[in-house]
Structure formats: structure tokens, C-alpha cells
Amino acid sequence: MKYDFDLFVIGGGSGGVRASRMAALRGKRVGIAEEYGFGGTCVIRGCIPKKLFVYAAQFGEDFEDAAGFGWTVPERQFDWNTLVANKNKEIARLEDIYRENVLKAGAEIFMERAEFLDAHTLHLTKSGRKVTAEHVLVATGGSPVRTLGPGVAGAEHCITSNEAFYLREFPRRIVIAGGGYIAVEFAHIFHGLGSDVTLLYRGEKILRGFDDDLRDCLTASMHRIGIRLVLHRNIRRVDKKGGSLFVDTDHGEMIEADQVMLAVGRAPNTKGLGLEKAGVQTGAKGEVKVDRLSRTNVPHIYAIGDVTDRLQLTPVAIYEAMCLTATLWDATPTPVDYANVPTAVFSRPEIAAVGLTEARALEAGHAIDVYQSTFRPLKHTLSGRDHRARFKLVVDSTTQRVLGCHVFGFDAAEIVQVAAVAVKMGARKSDFDATVALHPTAAEELVTMRTKSYSKP
Ligand code: NDP
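Residues numbered from 1 in each chain as written. Predicted model: local features only at pLDDT ≥ 70, side-chain atom pairs only at ≥ 80, totals over all residues. Heavy atoms only, no water.

### Observations concerning helix 12 (residues 412-425)
Part 1: Its 14 residues place the ends of helix 12 20 Å apart at the C-alpha level, agreeing with the 20 Å of an ideal helix rising 1.5 Å per residue.
Part 2: Bending of helix 12 peaks at approximately 30° at the position of Ala-419.
Part 3: Considered for burial, the residues of helix 12 that qualify are Ala-412, Ala-413, Ile-415, Val-416, Ala-419, Ala-420 and Val-423.
Part 4: Buried residues in helix 12 make contact with strand 17 (343-345), strand 18 (350-355), strand 20 (389-396), strand 21 (402-409) and helix 14 (445-448). (Helix = DSSP H or I, 4+ residues; strand = E, 2+ residues; numbered from the N terminus. Expected span 1.5 Å × (residues − 1). Bend = angle between axes of the 7 residues up to and from the residue. Buried < 20%, exposed > 50% of the residue type's maximum accessible area, 1.4 Å probe, protein only. Contact = heavy atoms within 4.5 Å.)

What follows is the structure, given as C-alpha cells:
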């Protein structure tokens, strides 16, 4: 045979693992290289440990809420090291499962880094082996950006989400820079666990890309629960003195903290991969450029997941892997469809959405009807917690198709995952109306909003 492998996958994250398994299960000879651990960002330093931390952070409020229901909770104590140790145990278990699944499917694993020597040859850097492959898939993911911007000193004193999962000491005071998913989620995690949190964001409103109303709801909620949200701020420098860090902002504030966390985006992992030796084109951020079938400019080299800087979401990488293996081996060119991908920010409460925001729908030329409901969930009538959920449907005025569903509230992600089926199927407002409510739930609001709030333009 001309090549050692039919497919060689670089990277054992969600996308790479799925692609290698799908190919091996089709009887292909598959090799996969992973230099750190199976599962990638999602399993090791992303979604899964983050969600475990989110659960941990929620308990504080739950203990408080219990009082309204007659419970007396004795004095509470939180032990960070127990949480980290238990999380590490679970992550190790998941890594094993990922590795086992790859092996069971019949792929050969190389626990080392792979770099291109040419378009069909890879160098395995630990063993020094060279392997050849007919097809190569780049699925190396991304890493947190570790800079405060040009000329800004002190990034070496800061952590990113990578380190936040393994801190030896719980930070009593933390400054987080950024206004995206990671900044907002970690602000809530650390706040819920007892830190004094300051979030510095350069813009006017956090969570760019989400529906404005929900962004406003979350911003108000953050102020209410005591996360210090400072807008229109950039960091000028970070200094370390004694045991503390000092953050100097462009508005002249000096904020003292135990940790400063950068959550200012993630960059594709393409450095040192040898892509240039294979002739693979990359973009301005170093991302591998691909078409809708995840093909690079080199016909037999593909890329999926965060390294392509399309939608940086685990289920999207998995979906891209499924589409790619169908394209390659089922004689069905399967382009990736990025419409109506549901997403959530695991703040407390959460924001979740599928489809178009009000602004995006208008930009796309739709005339829209908006249905909105703001209400106090039943649980909080007794807990006394000052929380109002917000549900919003964006509907095309002409076709009555539901273009977007946006929820701010507890369990928003669970609710929107299910609503996403209806939105993806092209459900109309009348389909929502014709669905009998499941009572008493918060989700029932989605099928009981009968009165239009407003129309635009
Ligand atoms: P995001 O792209 O979501 O947010 C980056 C934030 O950093 C933005 O607020 C951005 O501001 C700000 N920023 C960018 N550059 C600078 C700079 N030089 N100085 C100051 N601020 C800056 O990235 P994250 O790191 O939060 O997350 C990366 C990706 O990972 C997300 O986009 C998401 O796809 C994925 N993710 C998904 C999660 C989920 O599904 N729950 C959870 C975590 C991550 P501005 O808006 O002004 O550009």
C-alpha cells in the first residue's frame, strides 16, 4: 500500500476523536496523534470542568434559597481543593473513555506531537517516527490568547482559563479581562464560590453577538448579585508586588487582586505544525482556511474544529467531523450547515439562544414580530431571590416562521436545546401556539406568549 494510513488525524479533541472513530469504524486505517490527553479543550480545560465548576458555584445561592422553603442551613464552608481534586478525577476518567473509544474503533494512537514534513508525511516528534497518510485531518484546536495587547506589560503575571482550572489557592479577589463566554462564565463561577470579582470589558455591553435584551438582563443581574462589571476599560499594565497583583486601567484605576485572568479570545493551534511544508494556507489569526466541506487548499488535507476559527463550539467540531467522514467515504458531499446552532453562556442564570437575534434578523432583511415575556419563576416566589426570567421569540412577520429563540433564566440551556429542534425544523409561531403547555414550568412560556410585544421595522 502506498501510505501507512488512509487517514491521519492531528489532535485528539472532540473533532479529531470523532473523525478518527468514524473513519476507523468504516474500516479505514487510521492514525491519531495527541500530545497532551484525549478529549481536548472541552474535556480537559473547557466545557466539562467548567460545567462542574458552575454546579459548584450554584450551591451558594441554593443554600440561601432554601431558607424560604423552611430549611435552616448550618454555616457553610467551601473547599476549593476538594472541588479541583474531584474535578481532576472525573476528567481523568473521561480522558480514559475517550482514548478507549478510539482504540475500540480500531485507530492507532500516538501520544506525541505530529508535524508535517510534506503534504503526505508527518513527523512524530517524541518517537522520531515518520508516517505517511493518504488523507490528513488537522484538528489541533485552539488556546487562550495570552496577551494584554501590544505594549501592555504584565501578561506573564496573568492566568487564562487553562490555569484557572488548576489553581492551588482559591483567589479571594480576581480581575477578569474580556466580555465573552469565558469571562462571563468564570466571573459567575468565582463569584458564586466566594471571590470578589471585577470584570473589565473594553466595550459597551458584554456578550457581543447575543440578543441585546438578554445582554441587558444579564448585565443587570451581574450588578445585582455583586459582580463588579466595569465597561469601556482596557488594562494598561499588570504589576506584581508582594503577594498581590495590581491592575492599572486606562481610566486610572488601580485594582488589587490575587489573580488576573485573561479571557480575551482563543487562537488556533497552528504554530510549528509545518503547515507551510504541506502548502496549507492559513488566515490572519493562523487559522487553517477551509471550504464548506472542511477542505483546505491542499485537496487531501482537511481541518475541523477550533483550528479553523469558524464556530468555536464542541458540538460543531463533532458535527464537522461527521460531515467530513460522510463526504470522504459515503460518497455524499456533506457541507456543514451553521444555521440555527444553539449556544449558551453558563452564567448564573444562563443565557441560551438559537437562531437569529432581533438585530441579525433585521439586518438580514426580515420584517419581524417579537414576543417577549418577563416573569418571576415560581421557585423564586418563595426563595425571595430577585430574579426575573426573560423569554423572547423573534418571528418573521410574513411567513410567521420562528427565526430565533432567546432565553435568560435558570435552565435556559436545557430549554433552548429542545426549542432548537423546532427552530431547525422551521416551526412557525402557530406551531408553538398549538403545543400544549407543560405546567408548571418556565419553559411553558415559549408556547403561551400569545400577544405580540412589537413589530419591526
Ligand atoms: P470570545 O470571543 O467569546 O470573547 C472574547 C472577549 O474578549 C470579547 O469580549 C472581546 O471583546 C474581548 N477581547 C478580545 N480582544 C481583546 C483585547 N485585545 N483586549 C481586551 N478585550 C479583548 O472568547 P472567549 O475567550 O470568551 O471564548 C472563546 C470561544 O470559546 C468562544 O467564542 C466560544 O465559541 C467558545 N466557548 C464556548 C462556551 C460555551 O459554549 N458555553 C464557553 C466558553 C468558550 P469584543 O466583544 O469587543 O471583541
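### Side note on the packing of aromatic side chains
Part 1: Applying the stated criterion across every chain, the model contains 14 aromatic pairs.
Part 2: The interplanar angle of 40° and the centroid separation of 5.7 Å between the aromatic rings of Phe-8 and Phe-110 together place this pair among those described as tilted. Of the two residues, Phe-8 is situated in strand 1 (residues 5-10) and Phe-110 in strand 3 (residues 108-110); the sequence distance between them amounts to 102 residues. No difference in accessibility class separates Phe-8 from Phe-110, as the two residues are buried.
Part 3: For the pair Phe-53 and Phe-165, a centre-to-centre distance of 5.5 Å together with 50° between the ring planes defines the contact as tilted. Here Phe-53 is found in helix 3 (residues 47-66), whereas its partner Phe-165 is found in the loop between helix 5 (161-164) and strand 8 (173-177), with 112 residues between them in sequence.
Part 4: Judged by its relative accessible area of 0%, Phe-53 is buried.
Part 5: Of the residues examined, Phe-165 reaches a relative accessible area of 1% and is grouped as buried.
Part 6: Through pairs of rings, three or more aromatic residues link up here, namely Phe-53, Phe-78, Trp-80, Phe-165, Phe-170, Phe-186 and Phe-190.
Part 7: Here Lys-87 stacks its cationic end above the ring of Tyr-166, 3.9 Å away from the centre of that ring.
Part 8: Seen from the ring of Tyr-371, Lys-429 lies directly overhead, with NZ or CZ sitting 4.2 Å from the centre. (Phe/Tyr/Trp six-rings, centres within 6.5 Å; stacked < 30°, edge-to-face > 60°. Lys NZ or Arg CZ within 6 Å of the ring centre and 35° of its normal.)

### Side note on the sheet that holds strand 18
Part 1: Spatially, six strands are ordered 17-18-21-20-19-22 in an open sheet, and the strand pairing comes out antiparallel. If you trace the sheet from one side to the other, it starts and ends with strand 17 and strand 22 (454-456), each paired once. Taking each pair of neighbouring strands and ignoring which way they run, the sheet shows an average axis angle of 15°.
Part 2: Note that strand 17 and strand 18 share three bridges and pair antiparallel. Each bridged residue has a counterpart across the sheet, and for Thr-343 the counterpart in strand 18 is Ala-353.
Part 3: Together, strand 18, strand 19 (368-375), strand 20, strand 21 and strand 22 form the strand contacts of helix 7 (residues 212-225), whose direction differs from that of strand 21 by roughly 5°.
Part 4: Each of strand 17, strand 18, strand 20 and strand 21 is contacted by helix 12, which is oriented at about 5° to strand 18, the strand it contacts most. (Pairing = 2+ DSSP bridges. Axes fitted to C-alpha atoms, helices over the stretch in contact; angles between N-to-C directions.)

### Focus: the pairing of strand 20
Along any regular strand the residues' side chains alternate between the sheet's two faces.
Part 1: Summarising burial for strand 20: eight of the eight residues are buried, a large majority.
Part 2: Side chains of strand 20 alternate between two faces, with Ala-389, Phe-391, Leu-393 and Val-395 and Arg-390, Lys-392, Val-394 and Asp-396 buried alike.
Part 3: The pairing of strand 19 with strand 20 spans eight bridges and is antiparallel. Counterpart to Phe-375 in the pairing with strand 20 is Ala-389.

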